[in-house]
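Coordinate inspection notes
Residue strings, one per chain:
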Amino acid sequence: MQTIREPSREVPIIAEADVVVCGGGPGGFPAAIAAARHGARTILIERHGYLGGLATAGLVAPILAHTASESHTPIVEGLLKEITARLHALDAAPAWEDALQEWGIRFDAEALKYTLDEMCAEAGVQVMFHTQIADVVTAGDAIEAVIIETKSGRQAVAGKVFIDATGDADIAFRAGAPTTHGRAYDGRGESMGSFFHLGGLPELTPERAHEITELIEHEMEDGRFAFYNPHFLGKNTQHQDHTSANMTRFSGDSDNAVDMSRGEAYVRKNVWELVRYLRANVPEFAEVYVQQTSPQVGPRESRQIVGPYALTGDDVHLGHKFDDAIARGSWWIDIHCPLGNTYPVHLCTVECPKGADCPYWAAENERMRSKAELYPPQGDWYDIPYRALLSVKTPNLLASGRCISATHEGMGGARVMGTCIAIGQAAGTAAALAIQKDVPVGQLDVQVLRETLRADGQLV
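What comes next concerns the included structure. These numbers were taken from a predicted model, which means no experiment stands behind them.

About the thresholds
Residues numbered from 1 in each chain as written. Predicted model: local features only at pLDDT ≥ 70, side-chain atom pairs only at ≥ 80, totals over all residues. Heavy atoms only, no water. Helix = DSSP H or I, 4+ residues; strand = E, 2+ residues; numbered from the N terminus. Rg over C-alpha atoms; globule rule 2.2 N^0.38 Å. Buried < 20%, exposed > 50% of the residue type's maximum accessible area, 1.4 Å probe, protein only. Areas by Shrake-Rupley, 256 points an atom, 1.4 Å probe, with all protein chains shown as cover. Lys, Arg positive; Asp, Glu negative; His and termini not counted. Charge placed at Lys NZ, Arg CZ, Asp CG, Glu CD. Pairing = 2+ DSSP bridges. Contact = heavy atoms within 4.5 Å. Axes fitted to C-alpha atoms, helices over the stretch in contact; angles between N-to-C directions. 1 Å grid on protein atoms, 1.4 Å probe; cavity = no way out; pocket = protein on both sides within 12 Å on 5 of 7 lines; lining within 4 Å. Points joined across faces, edges and corners; volume = space filled by probe spheres on them. Nonpolar A, V, L, I, M, F, W, Y, C, P; charged D, E, K, R; others polar. Left-handed = near helix turned anticlockwise from the far one by under 90°.

**What about the overall build of the protein?**
What the protein contains, in helices and strands, is 12 helices and 16 strands. Scaling as 2.2 N^0.38, a compact globule of 460 residues should have a C-alpha radius of gyration of about 23 Å, and the protein matches this with 22 Å. Along the three orthogonal principal directions, the C-alpha set of the protein runs to about 65 × 55 × 50 Å. Looking at the protein residue by residue over its 460 residues, the buried ones come to 58%. Carbon and sulfur atoms make up 49% of the accessible area of the protein, which totals about 18800 Å². When the 39 positive and 60 negative side-chain charges of the protein are each reduced to one mean point, those points stand 4 Å apart.

**Thoughts on the sheet that holds strand β12 (residues 289-293)**
The strand order across the open sheet built from three strands is β11-β10-β12, with neighbouring strands paired in antiparallel fashion. The sheet is open, and its two borders are formed by β11 (245-246) and β12, each paired with just one other strand. Sheet topology note: the strand β10 (residues 195-199)/β12 ladder contains four bridges and is antiparallel. Bridging from a neighbouring strand, leucine 198 pairs with valine 290 of β12. Strands β10 and β12 of the sheet are contacted by helix α7 (residues 257-281), whose axis makes an angle of about 160° with β12.

**Looking at the layout of surface pockets**
In this structure, the second largest pocket spans a volume of roughly 400 Å³. Arg183, Ala184, Tyr360, His408 and Glu409 are, among the 22 residues lining the second largest pocket, the residues nearest its centre. Looking at the lining of the second largest pocket, the elements that each hand over two or more residues are α9 (359-364) and α10 (408-414). When the residues that make up the lining of the second largest pocket are grouped by side-chain class, the tally is 12 nonpolar, five polar and five charged.

**Re empty space enclosed by the protein**
Applying the stated rule across the entire model yields three cavities of 30 Å³ or more. Roughly 100 Å³ of internal volume is contained in the largest cavity. Along the walls of the largest cavity sit 14 residues, with Cys337, Cys348, Cys352, Cys358 and Tyr360 positioned nearest its centre. Each residue belonging to the lining of the largest cavity can be placed in one class, and the counts come to 10 nonpolar, two polar and two charged.

**What about the packing of helix α1 (residues 29-37) against helix α11 (residues 417-437)?**
One way to put it is that α1 packs onto α11 with a least axis distance of 7 Å and a crossing angle of 35°. Relative to α11, α1 is oriented so that their crossing is right-handed. Each of Phe29, Pro30, Ala31, Ala34 and Ala35 in α1 lies in contact with α11, whose residues at this interface are Ile421, Gly424, Gln425, Gly428, Thr429 and Ala432. A class-by-class count of the residues in the contact of α1 with α11 yields seven nonpolar, four polar and no charged.

Okay, structure coming up:
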């Protein structure tokens, strides 16, 4: 490979903070708000022009795992409950009590962008939009600063504690902290997907809607569409004048720019193939149109930090509890085929229709879970231990969201947004407390952290 040599240069440190949160998604925005509310000078760095991560940039809805498994008992409150109430005031989400009766919290992505702007401003968070993190500067094992690229050029942001909420453990990786990637067998993570909204919808009877969904399913069986389910009529958002479909699938690494570029074009092509088919073959959909595709394809898994403890599939399935619990999760081991196989393939389980035609299944089937072994106990949850947020090497780094320390199976449960928001609130609170008490994040008294989270309305 040919290379070029960049000239050395001085990079200006344009900002310094107690806590630097890298990534403004479900693991990042609650971390920044919590840290700032507890008195830490906080900077939140986000590559998009808005916060929310896949909740906004991915149109992912609803927010999952706010209640215990197969129940209406809340397991995440705190900032998530506050955000839901603020969205409800904008007619952009149900009331909290109503949301507890549903499988997820429906919301409007545009209202969430605005709400998070308000909450960060009120807390005193310095938000840096349109800012890409390019590198990390270390002193020994600790992080001193992150190097950023913006329209203003190459600059640096220094801090005392750094929270990696990038989703891909970019900060940990660039700092030289140990990370894992996907499943142990071949390093593959779950496949990506992309939500999309369709407008121009007709009024359909339930019977006719079922007929059309079956029509799409038959076309999938014949190989016309590369979707993993036929439910294009799904409406998971607060406003019901458009669909919110989660059907696309693409196998690739979200920490690989080539894969991400291919994935974006691939899923858009899939959506337009569906719309063309509906217009041409289903009379009621002659006026259907693509209202919006998500601004970015949605990764589910890539890199995780290596912490003193890694959340496991058994933790999820058996509802394990921990003395250092700082958040709760209830989503199940929901592993979307890492090879990107589509209908009739959905989950990576021993019952997979591919069977021995899949090299992973052929090698690992004796150790694979059945569908019955994917779920936490009914009415229960599993804990996220504080140790899963720590790095075994980097003393001033915390992970949040879907790059915490977890196995492939553990991440299959912990990656959803309700859990990530709870983890984020804990990470930001821990960072602020460590600053106050002048201790490394790994030496923070976790019981003090738990008491603080409870005082802030969180369930731990």
